[in-house]
Amino acid sequence: MRQFKIFLRTLLAILGISILYQILIRLVRKVWHFPAPAFIGHFLDSDLRRAMQPPDIMIARSGIHAGMKVLEIGCGSGGYTIAVARAVGPEGEVAALDIQPAMLHQLAAKLAQPTYQDIHNITLYEASAYDLPFEDETFDLVYMITVFQEIPDRDRALAEVKRVLKPGGLLAITEWLFDPDYPLMSTTAKQGMDAGFVVDAALGDLWTYTVRFKKIAI
Ligand SMILES: C[S@@+](CC[C@H](N)C(=O)[O-])C[C@H]1O[C@@H](n2cnc3c(N)ncnc32)[C@H](O)[C@@H]1O
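Counting starts from 1 at the beginning of each chain's written sequence and moves along it residue by residue. In view of the model being predicted, local features appear only for residues whose pLDDT reaches at least 70, and side-chain atom pairs are presented and counted only at 80 or more, with totals across whole chains, interfaces and linings using the full set of residues. The side-chain numbers reported here are obtained from all heavy atoms of the structure, hydrogens and water having been left aside.

Caption draft 1: Highlighting the overall build of the chain. What the chain contains, in helices and strands, is 8 helices and 7 strands. Relative to the globule expectation of 17 Å for 218 residues, the C-alpha radius of gyration of the chain, 18 Å, shows essentially globular dimensions. Counting only contacts in the chain whose residues sit at least 6 apart along the sequence, the fraction spanning at least 24 positions is 75%. Computed over 21 positive and 24 negative side-chain charges, the separation of the two mean positions in the chain equals 9 Å. Only runs of H or I of at least four residues qualify as helices and only runs of E of at least two qualify as strands under DSSP, and these elements are numbered from the N terminus. With the radius of gyration taken over C-alpha atoms, the globule rule is written as 2.2 Å times the number of residues to the power 0.38. Every residue pair with non-hydrogen atoms within 4.5 Å of one another is taken to be in contact. In summary, the charge assignment counts Lys and Arg as positive and Asp and Glu as negative, without counting His or the chain termini. To locate a charge, the coordinates of NZ of Lys, CZ of Arg, CG of Asp or CD of Glu are taken.

Caption draft 2: Looking closely at the pattern of salt bridges. For this analysis, a salt bridge means a side-chain nitrogen from Lys or Arg found within 4 Å of a carboxyl oxygen belonging to Asp or Glu. Counted according to the given criterion, the structure contains 10 salt bridges. Among the ionic pairs, D136 bridges to R163, the shortest N-O distance being 2.8 Å. With a gap of 27 residues between them, D136 in the loop between β3 (122-126) and β4 (139-145) and R163 in helix α7 (residues 154-164) connect regions that are remote in the sequence. Note that R212 and D200 form a salt bridge whose closest N and O atoms lie 2.8 Å from each other. One end of the pair, R212, is in strand β7 (residues 208-214); the other, D200, is in strand β6 (residues 198-204), and 12 residues separate them in sequence. Its relative accessible area of 15% is what places R212 among the buried residues. Members of the salt-bridge network, linked through shared partners, are D45, D47, R50 and K110. Residue exposure (1.4 Å probe, protein chains only): buried if accessible area is under 20% of the type maximum, exposed if over 50%, otherwise partly exposed.

Caption draft 3: Local environment of the site of the ligand. Among the 20 residues in the neighbourhood of the ligand, the closest are listed as R49, G74, D98, Q100 and I145. Polar contacts, as used here, are pairs of N or O atoms within 3.5 Å; protein pairs need one atom able to donate a hydrogen and one able to accept it. Residues neighboring in sequence count only if both atoms are side-chain atoms. The backbone of G74 places a nitrogen or oxygen atom 2.7 Å from a nitrogen atom of the ligand. One of the side-chain nitrogen or oxygen atoms of D98 is found 2.6 Å away from an oxygen atom of the ligand. Coverage of the ligand by the protein amounts to 97% of the 590 Å² it exposes when considered alone. The residue inventory of the shell around the ligand, partitioned by class, reads 12 nonpolar, 5 polar and 3 charged. For this purpose, a residue is taken to be near a molecule or strand whenever a single non-hydrogen atom of the residue falls within 4 Å of it. Each accessible area is a Shrake-Rupley estimate made with a 1.4 Å probe; only the visible protein chains count as cover when residues are assessed. Note on residue categories: nonpolar means Ala, Val, Leu, Ile, Met, Phe, Trp, Tyr, Cys or Pro, charged means Asp, Glu, Lys or Arg, and polar means any other residue, Gly included.

Caption draft 4: A look at the domain arrangement of the chain. What marks off one domain from the next here is an automatic or database domain assignment. Segmentation of the chain into domains returns domain 1 (1-32) and domain 2 (36-214). One C-alpha centre belongs to domain 1, the other to domain 2; they are set 30 Å apart. Domain 1 puts 4 residues into the contact, and the matching count from domain 2 is 7 residues. Joining two parts hides part of their accessible area as seen by a 1.4 Å probe, and the buried area is that hidden amount summed over both. Buried area between domain 1 and domain 2, both sides added, is near 450 Å², and the carbon and sulfur share of it is 37%.

Caption draft 5: Structural detail: the sheet that holds strand β5 (residues 165-176). Reading across from one edge, β3-β2-β1-β4-β5-β7-β6 is the order of the 7 strands in this open sheet, with mixed pairing throughout. The strands lining the two open edges of the sheet, one partner per strand, are β3 and β6. Within the sheet, the average angular offset between the axes of one strand and its neighbour, ignoring direction, is 20°. Strand pairing requires that DSSP identify at least two bridges connecting the strands. Across 7 bridges, the pairing between β5 and β7 is antiparallel. In the sheet register, W176 faces β7, and the bridge partner there is T208. Axis angles are defined between N-to-C directions and span 0 to 180 degrees, where every axis is a line fitted to C-alpha atoms and, for a helix, only to the segment in contact. Lying over the sheet, helix α5 (residues 81-88) contacts β1 (69-73), β2 (93-98), β3 and β4, oriented at roughly 160° with respect to β2. Together, β1, β4 and β5 form the strand contacts of α7, whose direction differs from that of β5 by roughly 140°.

Caption draft 6: Representation of helix α6 (residues 101-111) within the structure. Within α6 the residues assigned to the buried category are M103, L104, Q106, L107, K110 and L111. Take α6 and look down its axis: the buried residues cluster within an arc of 155°, on one side only. Tucked inside the fold, the buried residues of α6 contact α2 (41-44), α3 (47-52), α5, β2 and β3. The arc in question is the one traced by the directions running from the helix axis out to the C-beta atoms.

Caption draft 7: Layout of α5. Residues T81, I82, V84, A85 and V88 constitute the buried set of α5. Around the axis of α5, the buried residues are gathered within 160° of arc, so they sit on the same side. Those residues of α5 that are buried are in contact with α4 (55-60), β1, β2, α6, β3 and β4. Note on α5: the residue one or two positions beyond its end, G89, has a positive phi of about 75°.

Given below as structure tokens:
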């Protein structure tokens, strides 16, 4: 009985600390914008994280298919990049872009592992979403998972995304309740529509959702 009480108290303490942490970090993020620190890259690219946001479900929601040319903005340590590369297949290409070299180093180290030697279609770019180092109308799909709200000037980033997308190209923005920058689905949808995109699909639930936008072909 005593052991059960200790277990229960520990569980409640962990729950309380987690809730407090979530409240505090969300308040801090309202005033202080900075990219997710590179040390969380290990958690972002962990099996625990993928259990909460399964890559096959997340990536399928983006409208991805074989042969696509994809830009992943804010790829971080590459928790989803490999799955994106496998989904587009050898005929497709993935440009994995992040503003933090320390995140890209983690992805490069992962790609150097023997398990991933069959992947040849990922190129890494150290750049900002504000100045994408690509020609106009280059990509079929721009993919962002738990990134978009981290970018302070989202209108500027969306203008760049629009520029590099082909007419009829897709933009998929995935958000996760666990992320301190999490916005409601309606907020994300409005931000994209205000930038001139059309909502193609809104998928998922409060825990994790994807809003898929289309660049209208003119
Ligand atoms: C929370 S992490 C998510 C990483 C990865 N998408 C994932 O889900 O595992 C957000 C990433 O976005 C990157 N980022 C933040 N602002 C950026 C910007 N302006 N341009 C490009 N990348 C940015 C950060 O460096 C970080 O790696």
